[in-house]
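Observations on the three-dimensional arrangement
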Amino acid sequence: MSEQIRIMRSKELPKELRDRIVARHRSGQGYKRISAALKLPKSTVASIILKWKKFGTTRTLPRPGRSSQTEQSWEKSLGERGKEEPKDHCG
């Protein structure tokens, strides 16, 4: 693999690049040298290394909080309610 990876403008770095950052850190390189070699901000390099130290992985972890998917039973009840005739509340 070539030393330079074309980085697309997205929020997440490719896993190969995150693994390369950790490998360079484990070989003894500092944040400044890693960021210069890979053309990334020092803060990005630091956050990836800190995440690796804390969680032991560079993969993307699930975010905290409830899943945005609705439960099947809830969807079923919503579907049944949509079929009902509208009620006249005007007396």
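For the structure given in this document, a descriptive report is provided here. Just so you know, these numbers come straight off a predicted model, no measurement behind them.

We now examine the overall build of the chain. Along the backbone of the chain there are four helices and zero strands. Relative to its full complement of 91 residues, the chain shows a buried share of 18%. If you sum the accessible surface of the chain, you get close to 8100 Å²; carbon and sulfur atoms cover 51% of it.

With that settled, the discussion passes to the nonpolar core. One finds L13, L17, I21, V22, I34, L38, L40, V45, I48 and I49 forming the largest nonpolar core, which totals ten residues. Looking at this core, the elements with two or more residues in it are α1 (15-26), α2 (31-38) and α3 (42-55). When neighbours within four sequence positions are excluded, I21 is seen to be in contact with I34, L38, L40, V45, I48 and I49.

Okay, the pattern of salt bridges next. Going through the model one piece at a time under the given rule, you end up with two salt bridges. Measuring nitrogen to oxygen at the nearest pair gives 3.4 Å for the salt bridge that ties R18 to E12. A salt bridge links D19 to K15, with the nearest nitrogen and oxygen atoms 3.1 Å apart. Here D19 pairs with K15, and both are found in helix α1, just four residues apart, close to one helical turn. Look at K15 and you get partly exposed, because its relative accessible area is 38%.

Here the focus is α2. Listing the buried residues of α2 in full gives I34, S35 and L38. Relative to the axis of α2, the buried residues are bounded by an arc of 95 degrees and lie together on one face. More than 90 degrees from the buried face of α2, the exposed residues found are K32, R33 and A36. Looking at the buried side of α2, the elements it contacts are α1 and α3. Looking one or two residues beyond α2, the residue adopting positive phi is K39, at roughly 55 degrees.

Along the chain, S35 falls in helix α2. Residue class for S35 comes out buried when judged on its relative accessible area of 8%. Residues S35 and A46, eleven residues apart in the sequence, show an inter-C-alpha distance of 9.1 Å. Contact partners of S35, with chain neighbours within four places excluded, come to L40, P41, K42 and V45.

What follows is about the packing of α1 against α2. At their nearest, the axes of α1 and α2 sit 10 Å apart, and the two run at 140 degrees to each other. Taken together, the axis directions place α1 and α2 in an arrangement best described as oblique. Relative to α2, the crossing made by α1 is right-handed. In this structure, α1 uses L17, R20, I21, R24 and H25 to contact α2, whose residues at the interface are Y31, I34, A37 and L38. Of the residues contributing to the contact of α1 with α2, the split by class is six nonpolar, one polar and two charged.

Thresholds, definitions, all that
- For every chain, the first residue of the written sequence is number 1, and numbering continues from 1 along that sequence.
- Residues qualify for local features only when their pLDDT is at least 70, as the model is predicted, and side-chain atom pairs are given and counted only at 80 or more; totals for whole chains, interfaces and linings, by contrast, use all residues.
- With hydrogens and water set aside, each side-chain value is computed from the structure's full complement of heavy atoms.
- Numbered from the N terminus, helices here are DSSP runs of H or I no shorter than four residues, and strands are runs of E no shorter than two.
- Whether a residue is buried, partly exposed or exposed follows from its accessible area with a 1.4 Å probe, protein chains only, as a fraction of its type maximum: under 20%, in between, or over 50%, in that order.
- Here the open area of atoms and residues is found with the Shrake-Rupley method and a 1.4 Å probe, where only the protein chains shown may cover a residue.
- Here the nonpolar core consists of buried residues drawn from Ala, Val, Leu, Ile, Met, Phe, Trp, Tyr and Cys, with membership extended through side-chain atoms lying within 4.5 Å.
- Here, residues are in contact when the closest pair of their heavy atoms is within 4.5 Å.
- Should a side-chain nitrogen of Lys or Arg be within 4 Å of a carboxyl oxygen of Asp or Glu, the pair is scored as a salt bridge.
- The directions from the helix axis to the C-beta atoms form the arc being described.
- Only C-alpha atoms enter the line fits that serve as axes; for helices the fit covers just the stretch in contact. Angles between N-to-C directions range over 0 to 180 degrees.
- Put simply, angles under 35 degrees are roughly parallel, angles over 145 are roughly antiparallel, angles from 65 to 115 are roughly perpendicular, and the rest are oblique.
- In this scheme the crossing of two helices becomes right-handed for a clockwise turn of the near helix relative to the far one and left-handed for an anticlockwise turn of less than a right angle.
- Note that Gly is not counted as nonpolar here; it falls among the polar residues with everything else outside the nonpolar set of Ala, Val, Leu, Ile, Met, Phe, Trp, Tyr, Cys and Pro and the charged set of Asp, Glu, Lys and Arg.

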